[in-house]
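Residues per chain, in single letters:
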Amino acid sequence: MGFYFAEVRKLRRELQAAYGAGEYKKALILGKNILQKYLENDDANTMEYASDMHNLGVIFDTMGMYAKAVEYYKKAAILKRDCSGESLSYADTVNNLAIAYNNMGEGEKARRFHGEVLKIRETKLGKDHPDTIYSLFHLGNTEEDLQQYDKAVEYHQQALERARRSADFSKEDMADIFASLGAAYDGGGNYRRSISSYEKALDFMEKAGVEESFCYMIWTLSLAEVCEKAGWNELAVEYCEKAVQMRRKMMQDSHLDYINSLNSLGILCCKAGMFEKSLHCHEEVLKLVREVLGGDHLFYADTLNNMSADYSGMGQMEKALEANGEALRRKEAALGHSHAQVAVCYMSRGRLYEKMGRDTDALAAYEKALLIRRDTVGRMDPLYADTLEQIAGLFTAKGAYEAAAEYLQEALYIRREAETGTDRDLVGGLQLLADVKQKAGEGQAAAALCREAIELLEKHFSKNHPEYAIGLAKLGEILAREKQYDEAIQILTESAAIQKG
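It should be emphasised that the depicted structure is a prediction, and the values quoted were computed from it without experimental measurement.

### What about a nonpolar patch on the surface?
A cluster of nonpolar side chains, namely Phe214, Ile218 and Met250, defines an oily patch on the protein surface of about 260 Å² accessible area. As for its position among the elements, Ile218 is in helix α11 (residues 214-229). Judged by its relative accessible area of 31%, Ile218 is partly exposed.

Here is the structure:
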């Protein structure tokens, strides 16, 4: 190391101070100056140079400039391996490289590098060292990103098993793993185990005395979302309400994050049938939006439309129509009469009329929404298909199955061809048409549609997912009505076994 290194140490201290103060651009300049000193002295083939290159990658990483971070991590890793082989320092750089790839959405590359780090750390540190455990944790998160949920669960369970044996693993670290395990179970459709894992994560956070943290709040919201997916709406409301209360302590009522959280709580309460509670939430949201954004803001109109659903749930249909009408007028004033958001209000109005038995008015509202969506998003958009399916529901309720089937077949064609649709949307369309075909006495056609839906569910989820089980149950019910009892019993038994867990 040459005499210039005193200057390098001085620059490093300045870099650390700038980085600590959040002055990342200044830190970058200093980091590049450090590397330049090595080059000027023909000393750019050392571990010291590699370490400073690694540090520059960290700055880029912190700034969200992941491609640049990858560039420097790669160079640092190659030099570290050349200087000292597959050392722990080399593993640390490769670990950062893998995480940068995670942040870039390049899961396959991240998986490869995390696997390399795991092997080095297991060899040099042992299987129960916290750094080794974190490599398992990162691999689990990577598999989750790649939607390989069973593998993600496997890695997280290994991490937990080793963490329990380690005296150096903190309660907050345990909470991290349980939360990631909860996310992996959620992705795989095992909602009961997801809920249990998230609850354990919160329990560890409470034991660590950090239950007032942002992380705790986010995991509480995740719990609410999983409970909602599982159909446990009252429990979902309980967790969501807890998260909203926490957010209120963390920020002012006027903060948009708080207002959005309160609005989400209102929507969830409405879904759970807690209409008075949902109305109270939305009334508070309306007041806050007026104060913060003004009565002309679209959020104000959206809230009025949400309140119309609350009033509808309470059976106060005139108030529901009034709130919806005010939302519609405000959106038309702000956006014009032919805007996609105006169509949303007409769809809501159609549902209100339909509930009131005013079928002609409902159809007129749906058709108005259909025309707007045709002129804005086009006839091949999933939103247009949504509207067709809503109209079909109106005809189905009246026993007009032939007319309903025509609308559903057009919607199904759109869902098959639309570039922005999803397999789940297509499954829903197939099942709606199957229901109509069954009611019209076309049982075999209904069964064929359900079989197609099941194939898509297996492709999109897996054979252990609740959605797949529900698809099987629909097919089993249709086969039972067609008196194909042996196959119906077999399919319904399989469905029940999946749903049981």
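Text resumes after the structure shown.
### Digging into the packing of aromatic side chains
Each pair of aromatic rings is reported with the distance of its centres and the angle of its planes. Within this structure, the stated rule accounts for nine aromatic pairs. Centroid distance Phe60 to Tyr72: 5.5 Å. Interplanar angle 20 degrees. Geometry classified as stacked. Residue Phe60 is located in helix α3 (residues 47-62), and its partner Tyr72 is located in helix α4 (residues 66-84); the two are separated by twelve residues in the primary sequence. Side by side, Phe60 and Tyr72 carry an identical accessibility label, which is buried. Between Phe395 and Tyr407, the ring centres sit 5.6 Å apart and the planes meet at 15 degrees, which makes this aromatic pair stacked. One end of the pair, Phe395, is in helix α19 (residues 382-397); the other, Tyr407, is in helix α20 (residues 401-417), and twelve residues separate them in sequence. The class of Phe395 is partly exposed, set by a relative accessible area of 22%. Taking the relative accessible area as the measure of exposure, Tyr407 reaches 22% and is therefore partly exposed. Every member of this aromatic cluster is reached through a ring pair, and the members are Tyr4, Tyr38 and Tyr49.

### Comments concerning the packing of α20 against helix α21 (residues 423-439)
Contact geometry of α20 with α21 gives a least axis separation of 9 Å together with a crossing angle of 160 degrees. When the interaxial angle is binned, α20 and α21 end up roughly antiparallel. The two elements α20 and α21 cross, and the hand of that crossing is left-handed. Across the interface between the two elements, Tyr401, Ala404, Ala405, Leu408, Gln409, Leu412, Arg415 and Arg416 of α20 pack against Asp425, Leu426, Gly429, Leu430, Leu432, Leu433, Val436, Lys437 and Lys439 of α21. Residues belonging to the contact of α20 with α21 are distributed by class as follows: ten nonpolar, two polar and five charged.

### A short note on the confidence of the model for the protein chain
Residues of the protein chain with pLDDT of at least 70 account for 99%, and the chain-wide mean is 95. For the protein chain, per-element mean pLDDT is lowest for helix α24 (residues 485-500), which scores 91, and highest for helix α5 (residues 88-103), which scores 98.

### Regarding the side chain of Ser135
Examined against the element boundaries, Ser135 turns out to sit in helix α7 (residues 130-145). Given a relative accessible area of 0%, Ser135 falls into the buried group.

### Observations regarding the pattern of salt bridges
Per the counting criterion, the structure on display carries 35 salt bridges. Residue Glu143 is joined to Arg111 by a salt bridge in which the shortest nitrogen-to-oxygen separation is 2.9 Å. In this pair, Glu143 sits in helix α7 while Arg111 sits in helix α6 (residues 107-125), placing the two residues 32 residues apart along the sequence. Residue classification places Glu143 among the buried positions, given a relative accessible area of 2%.

### Side note on helix α18 (residues 359-376)
Taking 1.5 Å of rise per residue, 18 residues should cover 26 Å, and α18 covers 26 Å from first to last C-alpha, within 8% of that figure. Those residues of α18 hidden inside the fold are in contact with α17 (340-355) and α19. Of the residues one or two after α18, Gly378 is the one with positive phi, at around 100 degrees.

Basis of the calculations
- Residues numbered from 1 in each chain as written.
- Predicted model: local features only at pLDDT ≥ 70, side-chain atom pairs only at ≥ 80, totals over all residues.
- Heavy atoms only, no water.
- Patch = residues over 30% accessible without salt bridge, like charges linked within 9 Å, V, L, I, M, F, W, Y side chains within 5 Å.
- Areas by Shrake-Rupley, 256 points an atom, 1.4 Å probe, with all protein chains shown as cover.
- Salt bridge = Lys/Arg side-chain N within 4 Å of Asp/Glu carboxyl O.
- Helix = DSSP H or I, 4+ residues; strand = E, 2+ residues; numbered from the N terminus.
- Buried < 20%, exposed > 50% of the residue type's maximum accessible area, 1.4 Å probe, protein only.
- Phe/Tyr/Trp six-rings, centres within 6.5 Å; stacked < 30°, edge-to-face > 60°.
- Axes fitted to C-alpha atoms, helices over the stretch in contact; angles between N-to-C directions.
- Parallel < 35°, antiparallel > 145°, perpendicular 65-115°, else oblique.
- Left-handed = near helix turned anticlockwise from the far one by under 90°.
- Contact = heavy atoms within 4.5 Å.
- Nonpolar A, V, L, I, M, F, W, Y, C, P; charged D, E, K, R; others polar.
- pLDDT = per-residue confidence, 0-100.
- Expected span 1.5 Å × (residues − 1).

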